[in-house]
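Coordinates in review
Residue strings, one per chain:
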Amino acid sequence: MTSPDLPRPEGPAVPDTVATAMRRLREKATSENTRAAQIGDWTIFTRWCERTGHSPMPATAEQLSWFLTEKAAEVRPDGRWAYAPSTLSRWVSTINKMHALAGLPKPGGHESVRDLLRGIRRDRATPPARRTPLLTDDIRTILSAMRVEAADGGWAERVAERRDAALLLMGLAGALRRSELTGLVVSDVVPHRADGLYVTVRRSKTDRSARGRTVTLPYGSDPHTCPVCAYRRWREVLDAWDESGREAVVDLLGTAAADPAEHCCRGLAAGRTQDGDRPLFRPVRHSSAVRGGATTQTIMTQTGHADERMVALYSRHHAGLVGNAVTQLGL
């Protein structure tokens, strides 16, 4: 004789403080950009479901295939495909994750959906579009134009020129991504009397576990394109603001300064800024080094990509200029 199934006693409810901490820790598993992309992906799918009379959850493999087929056929006004195969695959990943979080089967895990995605990729097979890199000569031209405009403008334009010059030259020399530049705080940049600047990148696209890496920015031979000089000129603005605010910055930049003709980088100290956690820059795009003849191995020393894991960690932290692609930029 079998005993009847008895209801299991429920455990105590999770306290609100613990539930909040659990939610916060789960959110930390992905970056803010990834979470924003997932929210956008799910919104696209739910709106399609509303239009076609489907329920977004639980979704079936057939329903998901219908969604993907429709979206894959959409084109822009200029005739180009509206969505790349990689975008469609990302949508499937997001839909799968939403179902997994709800304890439901993943519709994108069905073989029919996988075959559909493979078919879309084969049907769209084209050479990848390569963006034209920004070269050192391009940077010189941009900097010259910026400095001419700043000389003809007021103190605010000169602040922007110093900031943008530091962004361009530090980004170029360090092969830093937009998100890496945006994430820098004042204390992440440490002057070194022999090597130039040691920049700590605490988190990046290629470092999802946030181990961090150190990038070395050397002294340049040309004061116009020396990344350490550009950093020092920008730090002068930050330090002036820390001391006396707007008036000090106006005093510093109230008169037009000539194009940098001499280095100002030697003997660079750590700076007087007290708030080391303050962001150093605003978002920006740019970077290049392959054209100078650098090998993949030397570029990995500077960019920190995971595929070349055997690049010595020691060289990044203590001998960052040895075999480093940045020495070939001609700054």
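The following paragraphs examine the structure supplied in this document. Note that the structure is a prediction, hence the values are computed from the model and not measured.

Criteria and thresholds
Residues numbered from 1 in each chain as written. Predicted model: local features only at pLDDT ≥ 70, side-chain atom pairs only at ≥ 80, totals over all residues. Heavy atoms only, no water. Buried < 20%, exposed > 50% of the residue type's maximum accessible area, 1.4 Å probe, protein only. Helix = DSSP H or I, 4+ residues; strand = E, 2+ residues; numbered from the N terminus. Pairing = 2+ DSSP bridges. Axes fitted to C-alpha atoms, helices over the stretch in contact; angles between N-to-C directions. Contact = heavy atoms within 4.5 Å. Expected span 1.5 Å × (residues − 1). Polar contact = N/O pair within 3.5 Å; in protein donor to acceptor, adjacent residues only side chain to side chain. Patch = residues over 30% accessible without salt bridge, like charges linked within 9 Å, V, L, I, M, F, W, Y side chains within 5 Å. Areas by Shrake-Rupley, 256 points an atom, 1.4 Å probe, with all protein chains shown as cover. Salt bridge = Lys/Arg side-chain N within 4 Å of Asp/Glu carboxyl O. Parallel < 35°, antiparallel > 145°, perpendicular 65-115°, else oblique. Nonpolar A, V, L, I, M, F, W, Y, C, P; charged D, E, K, R; others polar.

1. What to know about the pairing of strand β2 (residues 196-201)
Taken across its six residues, β2 has five buried, putting it largely inside the fold. In this sheet, β2 lies alongside strand β1 (residues 189-192) in antiparallel orientation, the contact comprising four bridges. By the bridge assignment, valine 189 is partnered in β2 with valine 199. A loop of three residues connects β1 with β2, the two strands running antiparallel in sequence. Here β2 runs beside strand β3 (residues 213-217); their pairing, made up of five bridges, is antiparallel. By the bridge assignment, valine 199 is partnered in β3 with valine 215.

2. Digging into the sheet that holds β1
Read from one edge to the other, the open sheet built from three strands follows the order β1-β2-β3, with strand pairing classed as antiparallel. On the outer flanks of this sheet lie β1 and β3, each paired with one strand and no other. Averaged over all pairs of adjacent strands, the angle between their axes in this sheet comes to 25°, without regard to strand direction. Contacts between helix α7 (residues 155-174) and the sheet are confined to β1, β2 and β3, with β3 contributing the most and set at about 115° to the helix.

3. Side note on the pairing of β3
Summarising burial for β3: five of the five residues are buried, a large majority. The alternating pattern of β3 places Arg213, Val215 and Leu217 on one face and Thr214 and Thr216 on the opposite face, and all of these are buried.

4. Considerations on helix α4 (residues 85-101)
Helix length check: α4, at 17 residues, gives a terminal C-alpha distance of 25 Å against a target of 24 Å (1.5 Å per residue), a fit within 8%. Listed as buried for α4 are Pro85, Thr87, Leu88, Ser89, Trp91, Val92, Thr94, Ile95, Asn96 and His99. Structurally, α4 contributes buried residues whose contacts are with α2 (32-52), α3 (61-73) and α5 (111-123). Trailing α4 by a residue or two, glycine 103 shows a phi angle of about 75°, which is positive.

5. Re the environment of threonine 60
Here threonine 60 lies in the loop between α2 and α3. Sequence separation of threonine 60 and histidine 110 is 50 residues, and the distance between their C-alpha atoms is 9.1 Å. There is a polar contact of 3.0 Å between the side chain of threonine 60 and the backbone nitrogen of glutamine 63.

6. Describing a nonpolar patch on the surface
On the surface, Val14, Val18 and Met22 cluster together into a nonpolar patch covering about 220 Å² of accessible area. Within the secondary structure, valine 18 is located in helix α1 (residues 16-27).

7. Some details on unusual backbone geometry
Across the junction of methionine 57 and proline 58, the peptide omega takes the value 0°, indicating a cis bond. If you trace the backbone, proline 58 turns up in the loop between α2 and α3. Here the phi dihedral of alanine 175 falls at roughly 50°; this positive angle occurs in a residue that is not glycine. Turning to its location among the elements, alanine 175 is positioned in the loop between α7 and α8 (178-182).

8. Comments concerning the packing of α2 against α4
At a minimum axis separation of 9 Å, α2 and α4 run at an interaxial angle of 90°. Taken as axis vectors, α2 and α4 run roughly perpendicular relative to one another. Across the interface between the two elements, Ala37, Gln38, Asp41, Trp42, Ile44 and Phe45 of α2 pack against Arg90, Trp91, Thr94, Ile95, Lys97, Met98 and His99 of α4. For the contact of α2 with α4, the per-class residue count stands at seven nonpolar, three polar and three charged.

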